[in-house]
Amino acid sequence: MRVSVRWLAVAIPLAVPALQPAAQAPARATTIVGAEVADGTGAPLRRANVRFSGDRIVAVGSGKPEQGDAVVDGAGLVVAPGFIDIHNHSEQGLSTDPSAASQIAQGVTTLLVGPDGGSPWPIGDYLAERARNPATVNVGAFVGHATVRRLVMGEDFKRAARPDEVARMATMVDQAMREGAFGLSSGLEYEVGGYGETSELVELAKAAARHGGIYMSHIRDEADKSFEALREAVAIGEQARIPVQISHIKLGTVGVWHQAASAIALIESAQKRGVDVTADEYPYNAWSSTITVLVPDKRYDYPPSVEKALADVGGAANVLIVRHMAHPEYEFRTLDAVAKDNKMSAVEQFIQIVKDGGAGVVCTSMVDDDMRAFYQRKWVMVGSDGGIGVRHPRGAGTFPRVLGKYVREERWLALPEAIRKMTSAPADRLKLAGRGRIAAGAVADLVLFNPKTVIDRSTFSDPGILPTGIEKVFVSGQLVWDAGKAQEARPGKVLSVKNGAAGG
Ligand SMILES: [Zn+2]
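Everything quoted here is computed from the prediction, not taken from an experiment.

Got a minute to help me understand the coordination of the zinc ion in this structure?
Octahedral six-donor coordination of a metal ideally yields angles of 90 or 180 degrees, compared with 109.5 degrees for tetrahedral four-donor coordination. Of the protein atoms, only Asp 116 (OD), Asp 116 (OD), His 218 (ND1) and His 248 (NE2) coordinate the zinc ion, at distances of 2.0 to 2.7 Å. Classification of the site at the zinc ion rests on its 4 donor atoms, whose angles at the metal span 51 to 130°, yielding the label irregular.

Okay, here's the thing in structure tokens:
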């Protein structure tokens, strides 16, 4: 996305906090009374009152509300730092829907845009626009590898870049970092980024590293070549001396299912060598798209290609048809079941469905034991890969789903640890001092939720349904979500690798 360049003259200093009138600050302090505090560090829950004034937490403990304080009854609720989503696709959504209801309804108070190699450009202009038109949530940005690659190479991107082109891309990454980016993102499984060689990524990552940025990657393969792709990400970190964040870590085809232990061993041995590698994961074992994307060679009527495609997702029983105009009666049934009814093979049924206009499908991409193994590692955080308007249930469900399904129901994680993965872990990764923890002096980005009821409700057929159980959300001390409704306040700040430490 390109944004107008008319802010250029004012964008350079990124004087974001100064642009936001102090008059927005609440007139009085607020004390949340009687909630259990999950402070973001992973420490056990403890009963404490949390008092905040202006945009800062001023006390955590047994202190009673002072005279004139607004009092919030937290009985039965947990208060946590606002969730920080390190992988979010709301770059355009924040301008069209600054209330960001689908995000704050999940307890998200800070989101990072520009993942997977695609970002706004120039970053400074984009951030200046966000500062001029604030949202409910705080925002920071990555600069995308594919974005700068496309700007330098134009339509002629289907090849390795020449050294002079790599140098120009590196200059652009340098510029983006000066303008406030948190690092370089890549999407090496995609059309433009995929032509970039490892050495190109190393050069660009070095430019990000010079400014304290990280390298965040949708790695080159999440299927049969997952391990090569993980090794490449580690190598980029090692050669560029930059922290690496593996986006939405997964083992996405039958050929690599149940191998999380090997992937974990690969990453942890790199960590032992001193490479700083972490990851994030979304809590869904499926993707949704059109039925044809299953067949990478695009030979949809060629039985051997279709057969391989179905085998890669574990068979036709893992392909759920969610939309098919020609036969609506197939919807919400598996390809396997429909084929059996029609006395066809699954391959024949697939070919018939494509002939009849195609279908929307939801496909299993990961197995639970791999998902659980990743989530149970300390270095794996929660990230959504969602965002405003994203047509996947993770866009409106990720954080409540982890708390409801994977903490309360499946018991994969203890609540304080899950909260740590949503708060201090990404805050530390991004060097966001003053966020991601509940402590005196920290920014009052807070979420108050009911641990007994919190759950996602978004589905593959209805991805926009908001979750339940997130009762109140505060950003910089201002109420942005209350009892199921977005509020009027737009206290969201622009964060950058430069002002992050100051907390705005
Ligand atoms: Zn991705």
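Quick question: what am I supposed to make of helix H8 (residues 198–209) here?
Within an α-helix, residues lying three or four positions from one another point in the same direction, as the helix has 3.6 residues per turn. A rise of 1.5 Å per residue sets the reference length of H8, with its 12 residues, at 16 Å; its end C-alpha atoms lie 16 Å apart and thus fit the reference within 8%. At its buried positions, H8 is contacted by helix H6 (145–153), helix H7 (163–178), strand S12 (183–187), strand S13 (214–218) and helix H9 (226–240).

Would you take a moment to explain the packing of aromatic side chains for this structure?
Centre distance and the angle of the planes are the two values used to describe a pair of aromatic rings. Scanning the entire structure with this criterion turns up 4 aromatic pairs. The residue whose ring lies beneath Arg 394 is Tyr 282, and the NZ or CZ to ring-centre distance is 4.6 Å.

Looking at this structure, I do not really get the side chain of Asp 174. What am I missing?
Within the secondary structure layout, Asp 174 lies in helix H7. When its relative accessible area of 17% is taken as the criterion, Asp 174 is described as buried. Residues in contact with Asp 174, not counting those within four places in the same chain, are Ala 207 and His 211.

Explain the pairing of strand S10 (residues 138–141) to me, please; I cannot follow it from the model alone.
Of the two faces of S10, both are covered, the one formed by Asn 138 and Gly 140 as well as the one formed by Val 139 and Ala 141. Relative to S10, strand S9 (residues 108–113) is paired through 4 bridges, and the arrangement is parallel. Pairing of Thr 110 across the sheet is with Asn 138, part of S10.

Would you mind going over the sheet that holds S10 with me for this structure?
Taking strand neighbours across the sheet as the criterion, the 3 strands line up as S8-S9-S10 in an open arrangement whose pairing is parallel. Every interior strand has two partners, whereas the edge strands, strand S8 (83–85) and S10, have only one. Taking the axes of each pair of neighbouring strands and ignoring which way they run, one obtains an average angle of 15° across the sheet.

Explain the pattern of salt bridges here, please?
Where charged atoms from two side chains of opposite charge come close, those side chains can pair. One pass over the structure, following the stated rule, counts 31 salt bridges. Across the pair Asp 276 and Arg 429 runs a salt bridge whose closest N-O atoms are separated by 2.9 Å. In this pair, Asp 276 is assigned in the loop between helix H10 (260–272) and strand S15 (277–281) and Arg 429 in helix H17 (residues 424–429), connecting sequence segments 153 residues apart. Judged by relative accessible area, Asp 276 falls into the partly exposed class, the value being 37%. Classification of Arg 429 as buried rests on a relative accessible area of 9%. Residues Asp 312 and Lys 308 are paired through a salt bridge, measuring 2.9 Å at the closest nitrogen-oxygen approach. Note that Asp 312 and Lys 308 are positioned in helix H11 (residues 303–312) at a spacing of 4 residues, about one turn of the helix.

What should I look at first to understand the pairing of strand S7 (residues 78–81) in this one?
For a regular strand, side-chain orientation follows a simple rule: the groups alternate between the two sheet faces. Across 2 bridges, the pairing between strand S2 (residues 36–37) and S7 is parallel. The residue bridging Glu 36 from the neighbouring strand is Val 78, located in S7. Direction of pairing for S7 relative to strand S21 (residues 446–449): antiparallel, over a ladder of 4 bridges. Note that in S21 the partner of Val 79 across the bridge is Leu 448.

Parameters at a glance
Residues numbered from 1 in each chain as written. Predicted model: local features only at pLDDT ≥ 70, side-chain atom pairs only at ≥ 80, totals over all residues. Heavy atoms only, no water. Donors = N, O, S within 2.8 Å, 3.2 Å for Na, K, Ca; no water. Tetrahedral: all angles 85-135°; square planar, octahedral: opposite > 155°, others 65-115°. Helix = DSSP H or I, 4+ residues; strand = E, 2+ residues; numbered from the N terminus. Expected span 1.5 Å × (residues − 1). Contact = heavy atoms within 4.5 Å. Phe/Tyr/Trp six-rings, centres within 6.5 Å; stacked < 30°, edge-to-face > 60°. Lys NZ or Arg CZ within 6 Å of the ring centre and 35° of its normal. Buried < 20%, exposed > 50% of the residue type's maximum accessible area, 1.4 Å probe, protein only. Pairing = 2+ DSSP bridges. Axes fitted to C-alpha atoms, helices over the stretch in contact; angles between N-to-C directions. Salt bridge = Lys/Arg side-chain N within 4 Å of Asp/Glu carboxyl O.

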